[in-house]
Amino acid sequence: MRRLADNERTLRHEMWRRYEGNDWAAFDALPAAIRKRVAAHAYDAWSVNVMMLWQHYKRLYGRTTRAERALIRYLDYCERL
């Protein structure tokens, strides 16, 4: 895994895997409510990872507001960690 030069001092890189891809394209492809939540995240939420999660939630619930709310709750949980 490639570590970008930044000032992050958390153990996040040891706990989670960052998927490769175009962060801006992934961010733009997310529904508006999820983009808003990702933009408000306390740290870089890794848009490609969020897109992969969004694809998972769409498979579970369909492209619905229920899926969006479930993913937003999960992002809230990750931020608390």
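The notes below deal with the structure included here. As the structure is a prediction and not an experimental result, all values here were calculated from the model.

Attention shifts here to the overall build of the chain. Scanning the chain for helices and strands turns up five helices and zero strands. Tracing the chain from N to C terminus, the helices and strands come up as α-α-α-α-α. Within the chain, residue pairs in contact and separated by at least 24 positions form 53% of the contacts whose partners lie at least 6 positions apart. Counting every atom, the chain has about 5800 Å² of accessible surface; 52% of that belongs to carbon and sulfur.

What follows is about the environment of Ser47. Checked against the element boundaries, Ser47 lands in helix α4 (residues 47–61). Those residues within four positions of Ser47 in sequence are excluded, and the remaining contacts are Asp23, Ala26, Phe27 and Val38.

What follows deals with the side chain of Arg18. Among the secondary structure elements, Arg18 is positioned in the loop between α1 (12–15) and α2 (23–29). Separated by 2.8 Å, the side chains of Arg18 and Asp23 make a polar contact.

Cut-offs used in this document
Residues numbered from 1 in each chain as written. Predicted model: local features only at pLDDT ≥ 70, side-chain atom pairs only at ≥ 80, totals over all residues. Heavy atoms only, no water. Helix = DSSP H or I, 4+ residues; strand = E, 2+ residues; numbered from the N terminus. Contact = heavy atoms within 4.5 Å. Areas by Shrake-Rupley, 256 points an atom, 1.4 Å probe, with all protein chains shown as cover. Polar contact = N/O pair within 3.5 Å; in protein donor to acceptor, adjacent residues only side chain to side chain.

Fair warning: the whole summary comes from geometry, so function is off the table for now.
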